[in-house]
Amino acid sequence: SADVKEVEIPVPWGHIRGNWWGPADKQPIVAIHGWQDNSGTFDALAQLLPNVAILSIDLPGHGLSSHLPVGQFNYIFWDGVLALRRIVRYYKWNKVRLLGHSLGGAISFLYAASYPDEVDALISLDIVSPSTMDIKKTAPLTGDYIDRFLKYEMLTLDSVPCYDYDEMLEIVEQAYGGSITKKGAEILMKRGMQQAYKKDKYYFSRDPRLKVSLLGMLSLDLALEYASQIKCAYLNIRAVPGMKFEQPENYQKVLDVIKLGARKFEYHEVEGTHHVHLNEPEIIAPIITNFLQNL
């Protein structure tokens with residue numbers, strides 16, 4: 001397997017962990033996983049991109065990274081943009097290349113729009129922007145989400161549910177509803193679960209508060225405004241059937257706006273589930289390689 005080393009980046013509340021794949025002397029593409037996933041999501045793909053350095057991070061509250069401080073609410077997209085900014089500053093990079101899947105693609109989109117002159121290229125897998133929500137649905141959810149957050153906040157390590165290894169994998173596979181294979185579940189769980197106090201039992205390492213992090217959603221007009229700021233080279237790979245979006249027609253609307261401003265624009269559709277990059281990375285690796293070689 002390819003050259004990989006574990007990295008740890010200090011942040012005020014602990015650390016952000018990740019995997020640095022490939023050459024240590026090259027500036028890496030920063031790769032950001034999806035909601036409740038972790039950096040393992042890119043393990044298989046990174047090995048198919050020879051001579052490309054990739055820093056695949058665990059977002060705060062995911063994988064082996066520290067959870068946000070107690071009392072702090074998660075607004076996943078916005079927390080992610082801030083975490084990415086901290087990483088860029090830590091390494092003192094002037095320009096970055098970003099690779100994002102799902103939530104990670106949404107974070108990369110917001111980052112490329114917020115720092116248009118500091119992003120060289122953006123590769124987005126099965127997402128274009130933060131999922132736009134119907135604002136009529138957002139408002140009625142708010143109270144319930146805040147109360148659920150307060151409930152999750154009370155969970156302590158001794159009250160977190162524990163399972164044996166095979167049970168864990170079964171729960172994970174079912175939760176993804178066919179989007180990942182058993183092998184994919186095993187890869188994600190390398191960083192996604194921790195040994196519990198009880199022998200041979202495990203618990204999910206991700207922060208349970210992430211489950212109610214949907215209050216930072218965008219409306220379509222705001223997503224389009226961010227899209228208009230993007231200037232970098234842009235590649236979007238859409239899986240078919242891929243992710244089911246609440247407002248699927250908005251995907252194309254946002255892409256059309258990005259196309260106007262991006263210095264280079266590519267869109268590809270591939271057969272597969274939302275996690276095609278994890279299940280069958282050989283399908284998308286050549287598209288990414290080709291895009292990077294022609295920047």
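In case you missed it, the structure is sitting above this.
Presented here is an overview of the structure given in this document. These figures come from a predicted structure and were not determined experimentally.

With that out of the way, let us pick up the packing of aromatic side chains. According to the stated counting rule, one finds 11 aromatic pairs in the structure shown. Centre to centre, the rings of tyrosine 165 and tyrosine 202 are 6.1 Å apart; their planes meet at 70°, and the pair counts as edge-to-face. Here the residue tyrosine 165 occupies a position in helix α5 (residues 165-175), and tyrosine 202 occupies one in strand β8 (residues 202-204), the gap between them amounting to 37 residues. Classification of tyrosine 202 as buried rests on a relative accessible area of 19%. These aromatic residues form a ring-pair network of at least three members: Trp20, Tyr90, Tyr91 and Trp93. Over the face of the ring belonging to tyrosine 115 we find arginine 85, whose NZ or CZ atom lies 3.7 Å from the ring centre.

Strand order in the open sheet formed by eight strands is β1-β2-β4-β3-β5-β6-β9-β10, with mixed pairing between adjacent strands. Only two strands of the sheet have a single partner each, and these edge strands are β1 (4-11) and β10 (264-272). Mean inter-strand twist for the sheet, computed between neighbouring axes without regard to direction, equals 20°. Inspection of the sheet shows strand β2 (residues 14-21) paired to strand β4 (residues 54-57) by four bridges, in the antiparallel sense. Within the sheet, the bridge partner assigned to tryptophan 21 lies in β4 and is isoleucine 54.

This brings us to helix α3 (residues 103-114). Given a rise of 1.5 Å per residue, 12 residues ought to cover 16 Å, and the 16 Å separating the end C-alpha atoms of α3 matches this to within 8%. Burial analysis of α3 places 11 of its 12 residues in the buried class, the great majority of the element. Looking only at α3, the buried set comprises Leu103, Gly104, Gly105, Ala106, Ile107, Ser108, Phe109, Leu110, Tyr111, Ala112 and Ala113. At its buried positions, α3 is contacted by β3 (29-32), α2 (76-91), β5 (96-101), β6 (119-125), α7 (220-227) and α8 (249-261).

With that settled, the discussion passes to the pairing of β2. Residues in a regular strand point their side chains to alternate faces of the sheet. With eight bridges connecting them, β1 and β2 associate as antiparallel partners. By the bridge assignment for β2, isoleucine 9 is matched with isoleucine 16. Once β1 ends, the chain turns through two residues before running back antiparallel as β2.

Looking now at the side chain of histidine 275. Within the element layout of this structure, histidine 275 appears in the loop between β10 and α9 (276-279). Only 2.7 Å separates the side chain of histidine 275 from the side chain of serine 179, close enough to count as a polar contact. Non-local contacts of histidine 275, meaning those with residues more than four positions away in its chain, are made with Asp37, Thr41, His101, Tyr176, Ser179 and Ile180.

Attention shifts here to a negative patch on the surface. Together, Asp164, Asp166, Glu167, Glu170 and Glu186 line one region of the surface with negative charge. For the negative patch, the element with the most residues is α5, which contributes three residues.

Let us look at unusual backbone geometry. For the bond from valine 240 to proline 241, the omega torsion is 5°, close enough to zero to count as cis. Mapped onto the fold, proline 241 is located in strand β9 (residues 233-241). Phi is positive for aspartate 126, which is not a glycine, with a value near 55°. Secondary-structure assignment places aspartate 126 in the loop between β6 and α4 (135-153). Judged by relative accessible area, which is 2%, aspartate 126 ranks as buried. The phi dihedral of aspartate 200 is positive, around 60°, even though this residue is not glycine. Note on placement: aspartate 200 falls in the loop between β7 (193-195) and β8.

Conventions and cut-offs
Residues numbered from 1 in each chain as written. Predicted model: local features only at pLDDT ≥ 70, side-chain atom pairs only at ≥ 80, totals over all residues. Heavy atoms only, no water. Phe/Tyr/Trp six-rings, centres within 6.5 Å; stacked < 30°, edge-to-face > 60°. Helix = DSSP H or I, 4+ residues; strand = E, 2+ residues; numbered from the N terminus. Buried < 20%, exposed > 50% of the residue type's maximum accessible area, 1.4 Å probe, protein only. Lys NZ or Arg CZ within 6 Å of the ring centre and 35° of its normal. Pairing = 2+ DSSP bridges. Axes fitted to C-alpha atoms, helices over the stretch in contact; angles between N-to-C directions. Expected span 1.5 Å × (residues − 1). Contact = heavy atoms within 4.5 Å. Polar contact = N/O pair within 3.5 Å; in protein donor to acceptor, adjacent residues only side chain to side chain. Patch = residues over 30% accessible without salt bridge, like charges linked within 9 Å, V, L, I, M, F, W, Y side chains within 5 Å. Areas by Shrake-Rupley, 256 points an atom, 1.4 Å probe, with all protein chains shown as cover. Salt bridge = Lys/Arg side-chain N within 4 Å of Asp/Glu carboxyl O. Lys, Arg positive; Asp, Glu negative; His and termini not counted. Charge placed at Lys NZ, Arg CZ, Asp CG, Glu CD.

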